[in-house]
Amino acid sequence: MEIFLFIGVALLVSSVFLKHSWIYIIAAAISFGTYMNVLDGNILLYALFILGVIFLVVELYIPGFGIAGITGSLATTGALYLYTNDIIYTSFLLMGSVVTGLLFAYLYTKMGKKFNLSPGFILETSLNKKSGFSSVDDYSDLIGRKGLVVSGLRPVGQALIDDVIYDVISEFEIIGVDSEVQVVRVEGSNIYVRKEKSL
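Remember, it's a predicted structure, so these values are computed and weren't measured experimentally.

Student: What is the right way to read the packing of helix α4 (residues 67–84) against helix α5 (residues 87–110) from this model?
Tutor: Each pair of packed helices can be summarised by the angle the axes make with each other and by the distance between the axes. The interhelical angle for the contact between α4 and α5, taken along N-to-C directions, is 135 degrees, at an axis separation of 9 Å. Of the possible angle classes, the one that applies to α4 and α5 is oblique. The crossing of α4 and α5 is right-handed. Residues Thr 77, Leu 80, Tyr 81 and Thr 84 of α4 form the contact with α5, whose participating residues are Ile 87, Tyr 89, Thr 90, Leu 93 and Leu 94. Its residues placed into classes, the contact of α4 with α5 shows six nonpolar, three polar and no charged.

Student: Is there a simple way to explain the side chain of Ser 170 in this structure?
Tutor: Residue placement: Ser 170 occurs in strand β3 (residues 164–170). For Ser 170, a relative accessible area of 2% puts it in the buried group. A polar contact of 2.5 Å, which involves the side chain of Ser 170, links it to the backbone oxygen of Glu 173. Setting aside anything within four residues of it in sequence, one finds Ser 170 in contact with Leu 153, Pro 155, Ile 175 and Val 193.

Student: Got a minute to help me understand the environment of Tyr 166 in this structure?
Tutor: Its location among the elements puts Tyr 166 in strand β3. Separated by 17 residues in the primary sequence, Tyr 166 and Val 149 have C-alpha atoms spaced 9.6 Å apart. Apart from residues no more than four positions distant in its own chain, Tyr 166 is found in contact with Tyr 139, Leu 142, Gly 157, Gln 158, Ala 159, Ile 161 and Ile 191.

Student: Just checking my understanding: could you explain the packing of aromatic side chains for this structure?
Tutor: When we look at a pair of aromatic rings, we describe it by the centre distance and by the angle of the planes. If you walk through the whole model with that rule in mind, you get six aromatic pairs. Centre to centre, the rings of Phe 17 and Tyr 108 are 5.4 Å apart; their planes meet at 20 degrees, and the pair counts as stacked. Of this pair, Phe 17 sits in helix α1 (residues 2–17) while Tyr 108 sits in helix α5, and the two are 91 residues apart along the sequence. On the accessibility criterion, Phe 17 (5% relative accessible area) is buried. With relative accessibility at 11%, the residue Tyr 108 sits in the buried group. Each residue in the set Phe 6, Tyr 89 and Phe 92 is aromatic and connected to the rest through ring pairs, giving one cluster. Above the plane of the ring of Tyr 192 lies Arg 185, whose end atom (NZ or CZ) is 3.8 Å from the centre.

What counts as what
Residues numbered from 1 in each chain as written. Predicted model: local features only at pLDDT ≥ 70, side-chain atom pairs only at ≥ 80, totals over all residues. Heavy atoms only, no water. Axes fitted to C-alpha atoms, helices over the stretch in contact; angles between N-to-C directions. Helix = DSSP H or I, 4+ residues; strand = E, 2+ residues; numbered from the N terminus. Parallel < 35°, antiparallel > 145°, perpendicular 65-115°, else oblique. Left-handed = near helix turned anticlockwise from the far one by under 90°. Contact = heavy atoms within 4.5 Å. Nonpolar A, V, L, I, M, F, W, Y, C, P; charged D, E, K, R; others polar. Buried < 20%, exposed > 50% of the residue type's maximum accessible area, 1.4 Å probe, protein only. Polar contact = N/O pair within 3.5 Å; in protein donor to acceptor, adjacent residues only side chain to side chain. Phe/Tyr/Trp six-rings, centres within 6.5 Å; stacked < 30°, edge-to-face > 60°. Lys NZ or Arg CZ within 6 Å of the ring centre and 35° of its normal.

Structural measurements only, silent on function.
Put into C-alpha cells, the structure is as follows:
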C-alpha cells in the first residue's frame, strides 16, 4: 500500500508545477487517505499527517527552517510511525517520499515547467504601466545582477545584491545561505533568481 503514499507525493509535487493545482492537491489527499486506510478509522492519524504536509508547504514560503518546518516534519514522521509502529519502515517511507518528490521535480524541470507559487502567497499578476498600474518599486534593472543569499531560499528568502537586501524567489531549487545567485527575471515586485553554477 506504500505505493499510494509515493503517488500522493508525486501528485503534490505536480500541483506545484502544473495548472489546476487544486485537482492534484485533492488527488494527493485521496491517495494519502488510501494509504492510511481512512475508511478503516485512521482519521486522526490521517489528519495529523495532512497537518504536517500543510506545515511543510508553508515552510516553502518562510525564509529559514523555522517552526513550520519543524512542526511539519514531526507531524508527518509521527503520523507515519504511529501508523506503521516500525521506525525502520518509517525511515524507508520517508526516504522514498523524498526521492519521489525530488525525482518528479527534476523531471518537470527538464520538461521546462516552472515552479509556480500560489497566488495566496506570492503575487502572480504583474503590476506594470502597460497594465495600467504604477509601481513604486521597479526592480527590472536588477536582471543579470549577481548577489549572495543571506537567508535560505525555500524557495522564498533574501539575497544581498549591490549592498541591498532584497526578498527573492528561487526559480526551482532550494538554495542555501552564502550561495551566489543571479537575477533572471522580475515580475511586478517579485525578483526571481537562479543559483550560479560553479566552474
